[in-house]
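Summary of the model geometry
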Amino acid sequence: MMQRILVIDDEPQIRRFIRISLTAENFEFLEATTAAEGLEFAAQENPDLIILDLGLPDEDGFKVLQRLREWSNVPVLVLTARDAEDEKVKLLEGGANDYLSKPFGIKELIARIKVLLRDLTDNQQSAHSGVLEFTHLRMDIPNHQAWCHGKKLALSRKEFAMLSFLASHPNQLVTQQQLLEKIWGASHSGDTHYLRIFVSLLRKKLKDDPDNPTFIKTEPGVGYRFVQEPVDPAATGKG
């Protein structure tokens, strides 16, 4: 069954550009040109993902995102020409799953879409059993144990909590505030220096090069991505 993607954007050339690319990738394309039309389509058509432009003629895209999040958890990829880091953080904290800055390349757009739509059923089953498994990392969540390249890691409780939270969202952007509130609590939402310290510690133990990361990629001023690929349990005979 084709996955349905709703594009909410008032620029005809952008919609045409995206429509051609999505159709070539065997996605079903839906389009809306206003905030009101987009919200109506989102409710009626039940898309698998929404691509949302911020500069809509009848309402700011951020308000559309807020209204959408009142009743739906559909993945939302925001298109924005706003480069300020605080604007991007605001979007992510407001419920966006990811964003792309204009102008953008179609290859990057398709890659972001596929990450958000990726079928993680097998990996979710592993996570439910308490095990996260990737190409070079294995984590036993209940027992607070982790192995990198087959060698057991000596991780503190906070290090393990941070790594497991990132690994639970493979290839997805996790904001600084999400990490701080999850691991240190809401009262520490501004203590971003904690993250720099602990990410540095994790990289040393994972032997991860920050300039060419194979585990944790920094999104400057915004957050982090865990870039390891989940292992299909069926392919390893562990499913």
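Look up: the structure comes first, before these words.
Keep in mind that this is a model prediction, so the values were computed, not measured.

Re the packing of helix H8 (residues 176-183) against helix H9 (residues 192-206)
- Put simply, H8 and H9 touch, their axes get as near as 10 Å, and they point 85° apart. With respect to each other, H8 and H9 are oriented roughly perpendicular. Together, Gln176, Leu179 and Leu180 of H8 and Thr192, Tyr194 and Leu195 of H9 make up the contact between the two elements.
- Looking at side-chain class alone, the contact of H8 with H9 contains four nonpolar, two polar and no charged residues.

Remarks on the sheet that holds strand S11 (residues 216-219)
- Judged by pairing direction, the sheet is antiparallel, and its three strands sit side by side in the order S10-S12-S11 without closing on themselves. Among the strands making up the open sheet, the edge pair consists of strand S10 (173-175) and S11. Adjacent strand axes in the sheet meet at a mean angle of 30°, parallel and antiparallel pairs treated alike.
- Sheet topology places S10 next to strand S12 (residues 223-226); three bridges connect them, and they run antiparallel. Within the sheet, the bridge partner assigned to Leu173 lies in S12 and is Arg225.
- Strands S10, S11 and S12 of the sheet are contacted by helix H7 (residues 157-167), whose axis makes an angle of about 70° with S12.
- Relative to S10, H8 is tilted by about 65°, and along the sheet it contacts S10 and S12.

Reading the values: rules and limits
- Residues numbered from 1 in each chain as written.
- Predicted model: local features only at pLDDT ≥ 70, side-chain atom pairs only at ≥ 80, totals over all residues.
- Heavy atoms only, no water.
- Axes fitted to C-alpha atoms, helices over the stretch in contact; angles between N-to-C directions.
- Helix = DSSP H or I, 4+ residues; strand = E, 2+ residues; numbered from the N terminus.
- Parallel < 35°, antiparallel > 145°, perpendicular 65-115°, else oblique.
- Contact = heavy atoms within 4.5 Å.
- Nonpolar A, V, L, I, M, F, W, Y, C, P; charged D, E, K, R; others polar.
- Pairing = 2+ DSSP bridges.

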